[in-house]
Amino acid sequence: VHEVLVTLGFALVTASILALSAVAFTLEYAVTNVANVSHGEILTAGAYAAYLVHQRTGSAVAAAIAAALAGGLVALAMHSAVIGPFIRFGASPTVVFIATLGMSFVIQNVLVIFFGAANVAYTLDPGAPQQIGPFLLTPLDVEIIASAIGITLALFLIISRTKFGKALRAVSQNRELARVTGINATRVAAATFFLAGLVAGYAGFVLAESVGSFNPYFGFGFFLITLTAAVAGGLGRAFGTLVGAVMVGLILEFAQTVRLPGGGYVSASYNLAFAFAILAIVILIRPRGLFTNARRTVFE
Amino acid sequence: MSAYLVSVLSEGAIFGIMALGLNVIWGWSGDFDLAYYGYIAVGAYMTLVLTIGPAVAPAHYILGLTLPYPIAVVVAVITAMAVGLVVGSIALRHLRGIYFSIVTLGAVYVMYVLAGQYVPLFDGYNGLSGLFDPMGDWFGFDYLSYQYFFLGLSLVLFALVFLFMWRISGSRFGMALRTLREDERAAAAFGRDIYRLKLKGYVLGAGLGGFAGALFAAYLSAFNPSAWSPVEVIVLYSAVLVGGRGNIWGVALGVLIMGVLVQESTRFLPQLPGLGQLSTLHPQVLLAMRGVIIGLVLVLFLRFRPQGLLPERRYVDPQPSLYIAPQTA
């Protein structure tokens, strides 16, 4: 029983980071109807910004703020330079999907030019593990989980209670109708990207902390897991995505504790392949997400 | 003709076969398939395990036969088609658009992880090597004349594949595939079996990928996960896009521009004034600059000329009697 609780603790940390990344991704999807493949690069930008600021100032708080700001600016730039123009031009979601794939490739390579492709080691002192409730968690783990809950609550309040949130939901449900009623859909989408970028940039910072190192391709790998969580929860549905993130986080951590028939455990390097197997099954059975009643159609 | 040019042209011809296979899936059938490079890899790996003989410790891989190269190629193509059939029959049944792309991305990732991490299959990250000058000893070529022989072989095979694609392009099957791309509902209304047609096109594309992979294995004489890098994949997609999706002449032009000219000219970037010092910083700079250029070309073409340099010629009804509003989904 104890081992299960330890794993559950790890899973909570993974799920928290995943939830931040996936909610940001799903917000980007909600206002544009486009899967932003370069979402992972927002996390990478956050990690690099945090590392650079941390080296200069030595303050983890400053690093976190820098990560969020860098993420927000990168996401805003993605929207104004590529995604927004493509949508105004009337490109199909698949075309924008391919364009964001190209953009992700460009950003990764720009990062390689400036910082090199090698892994950058980046760790905070996690502190001694403590018994918190039934779990064994380090103070760093607690901070990650608490900040994820706080950020999610803040997002919930922004989306459900503010005028901006109302505009966001309107654009998400019907862009044309929102525009007819006088909402500047492009500006709302840009602001949403900035907001999502703040969250994703911060997620990049905590992910780098919890992994201990990063490189220019680090965000892309995590994007693939993010995609699984977001699709499982239903693309564009912020709160279904949260549940999807917790579920995928749990499955990934527990998959590593399953003892194989020949002895030994499933290697963590199969993690992404495993996530994708879940993703394929979810898409095939319930392409609109696990928590919706909408019927699937052939003509998605 | 310098040895460098012979090597570049051989690679270009193989690359052309890869692009023609991708064109069947992405150009004609209209599905943005991210698993395509997986079929190239399956073709290359299978050719190697069928020709290079049993594994010597500490290497591990399956089969380890010493079949003649042409037989190995046939088996490799069949294997690639079988893998394509499995992926296609899952991904094509209900999924279109980005959902199809996401599932194929997952499929290629699973293949990549299996090839790179599961050592007993293809020796993991070390990959396979040792296919030297296949069929060379049949004719008693020395090293240099073999290079010319291989260039000739690649060009002839490219020409044959091109001719085959040219026939398919105008055939009922080719037309039907394009109909699915334009309007599945209309095709279904005219009695087309959408799923079977798409799957046929997909398996054909996968087979061409496997064939190109089998040649690629002979060209490289080895294959490992690092031959499977994102830059190779993006170059392939950008070649098809830049030339003109759906038009095989366009695809050939795209291969010439992206696969040969851009790929090779970026080698000379460090000789430009000012850029030379950059590459002394660290060795990946050059490859990264090539990646930036190719990525930018992909995005700019999608935005400003999505039909490519040589667009597919479209049938225009000379006497349109009834205007049907285009479907917007």
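The model shown is predicted, which means the values in this text are computed figures rather than measured ones.

Calculation notes
- Residues numbered from 1 in each chain as written.
- Chains lettered and ligands numbered in written order.
- Predicted model: local features only at pLDDT ≥ 70, side-chain atom pairs only at ≥ 80, totals over all residues.
- Heavy atoms only, no water.
- Helix = DSSP H or I, 4+ residues; strand = E, 2+ residues; numbered from the N terminus.
- Rg over C-alpha atoms; globule rule 2.2 N^0.38 Å.
- Buried < 20%, exposed > 50% of the residue type's maximum accessible area, 1.4 Å probe, protein only.
- Contact = heavy atoms within 4.5 Å.
- Areas by Shrake-Rupley, 256 points an atom, 1.4 Å probe, with all protein chains shown as cover.
- Lys, Arg positive; Asp, Glu negative; His and termini not counted.
- Charge placed at Lys NZ, Arg CZ, Asp CG, Glu CD.
- Patch = residues over 30% accessible without salt bridge, like charges linked within 9 Å, V, L, I, M, F, W, Y side chains within 5 Å.
- Salt bridge = Lys/Arg side-chain N within 4 Å of Asp/Glu carboxyl O.
- Core = buried A, V, L, I, M, F, W, Y, C linked by side-chain atoms within 4.5 Å.
- pLDDT = per-residue confidence, 0-100.
- Expected span 1.5 Å × (residues − 1).
- Polar contact = N/O pair within 3.5 Å; in protein donor to acceptor, adjacent residues only side chain to side chain.
- Axes fitted to C-alpha atoms, helices over the stretch in contact; angles between N-to-C directions.
- Parallel < 35°, antiparallel > 145°, perpendicular 65-115°, else oblique.
- Left-handed = near helix turned anticlockwise from the far one by under 90°.
- Nonpolar A, V, L, I, M, F, W, Y, C, P; charged D, E, K, R; others polar.

Caption draft 1: Quick look at the overall build of chain B. Each helix and strand counted, chain B has 14 helices and two strands in total. A compact globule built from 329 residues would reach a C-alpha radius of gyration of about 20 Å, and chain B, at 21 Å, matches this within 12%. Dimensions along the principal axes, computed over C-alpha positions, put chain B at roughly 70 × 50 × 40 Å. Within chain B, the fraction of its 329 residues that count as buried is 53%. Contacts in chain B between residues at least 24 apart in sequence constitute 77% of all its contacts with a sequence separation of at least 6. Carbon and sulfur atoms provide 68% of the accessible area of chain B, an area that totals close to 15,100 Å². Distance from the positive charge centre (18 side chains) to the negative charge centre (15 side chains) of chain B: 12 Å.

Caption draft 2: Summary view of a nonpolar patch on the surface. Where nonpolar side chains cluster on the molecular surface, the patch consists of B:Ile62, B:Leu63, B:Leu65, B:Leu67 and B:Ile71 and spans about 380 Å² of accessible area. Relative to the assigned elements, B:Leu67 resides in the loop between helix 2 (36-51) and helix 3 (69-91).

Caption draft 3: Layout of the environment of B:Gly207. Note that B:Gly207 resides in helix 10 (residues 194-220). Here the alpha-carbon distance between B:Gly207 and B:Tyr148, two residues 59 residues apart in the chain, equals 26 Å.

Caption draft 4: Representation of the nonpolar core. Residues A:Phe86, A:Phe205, A:Phe214, B:Tyr39, B:Met165 and B:Leu236 are the most contacted members of the largest nonpolar core, which totals 193 residues. Per-element accounting of this core gives the leading share, 15 residues, to helix 10 of chain B. In contact with B:Tyr39, not counting residues within four places along its chain, are B:Asp33, B:Ala80, B:Val83, B:Gly84, B:Val87, B:Met111, B:Tyr202, B:Ala206, B:Gly209 and B:Gly210. Residues A:Ala117, B:Val285, B:Ala288 and B:Met289 belong to the second largest nonpolar core, which totals eight residues.

Caption draft 5: Inspection of the confidence of the model for chain B at higher detail. With 91% of its residues at a pLDDT of 70 or more, chain B shows a mean pLDDT of 88. Reported confidences for the modelled complex are a pTM of 0.89 and an ipTM of 0.88.

Caption draft 6: Structural context of helix 12 (residues 248-265) of chain B. All names here are of chain B. Between its first and last C-alpha atoms helix 12 spans 24 Å; for 18 residues at 1.5 Å apiece the expected length is 26 Å, and the two agree. Among all positions in helix 12, only Ile248, Gly250, Val251, Gly254, Val255, Met258, Gly259, Val260, Val262, Gln263 and Glu264 are buried. On its buried side, helix 12 packs onto helix 1 (3-28), helix 7 (143-170), helix 11 (230-243) and helix 14 (284-304). The N-cap residue of helix 12 is asparagine 247: its side-chain oxygen and the backbone nitrogen of tryptophan 249 are 3.0 Å apart.

Caption draft 7: Layout of the packing of helix 2 (residues 39-57) of chain A against helix 9 (residues 218-233) of chain A. Residues and elements named next belong to chain A. Helix 9 packs onto helix 2 with a crossing angle of 135 degrees between their chain directions and a minimal axis gap of 7 Å. Judged by the inter-axis angle, helix 2 sits oblique to helix 9. With respect to the hand of their crossing, helix 2 and helix 9 are arranged in right-handed fashion. Two secondary-structure elements touch here, helix 2 through His39, Gly40, Glu41, Leu43, Thr44 and Ala47 and helix 9 through Phe218, Gly219, Phe220, Phe222, Phe223 and Thr226. Residue composition of the contact of helix 2 with helix 9, grouped by class: six nonpolar, five polar and one charged.

Caption draft 8: Broad picture of the pattern of salt bridges. Residue and element names in this part refer to chain B. Under the definition given, this model contains six salt bridges over all chains. Across the pair lysine 198 and glutamate 184 runs a salt bridge, and its minimum N-O distance is 3.8 Å. Within this pair, whereas lysine 198 is found in helix 10, its partner glutamate 184 is found in helix 9 (residues 184-189), the two being separated by 14 residues in sequence. The burial state of lysine 198 is the same as that of glutamate 184; both residues are buried.

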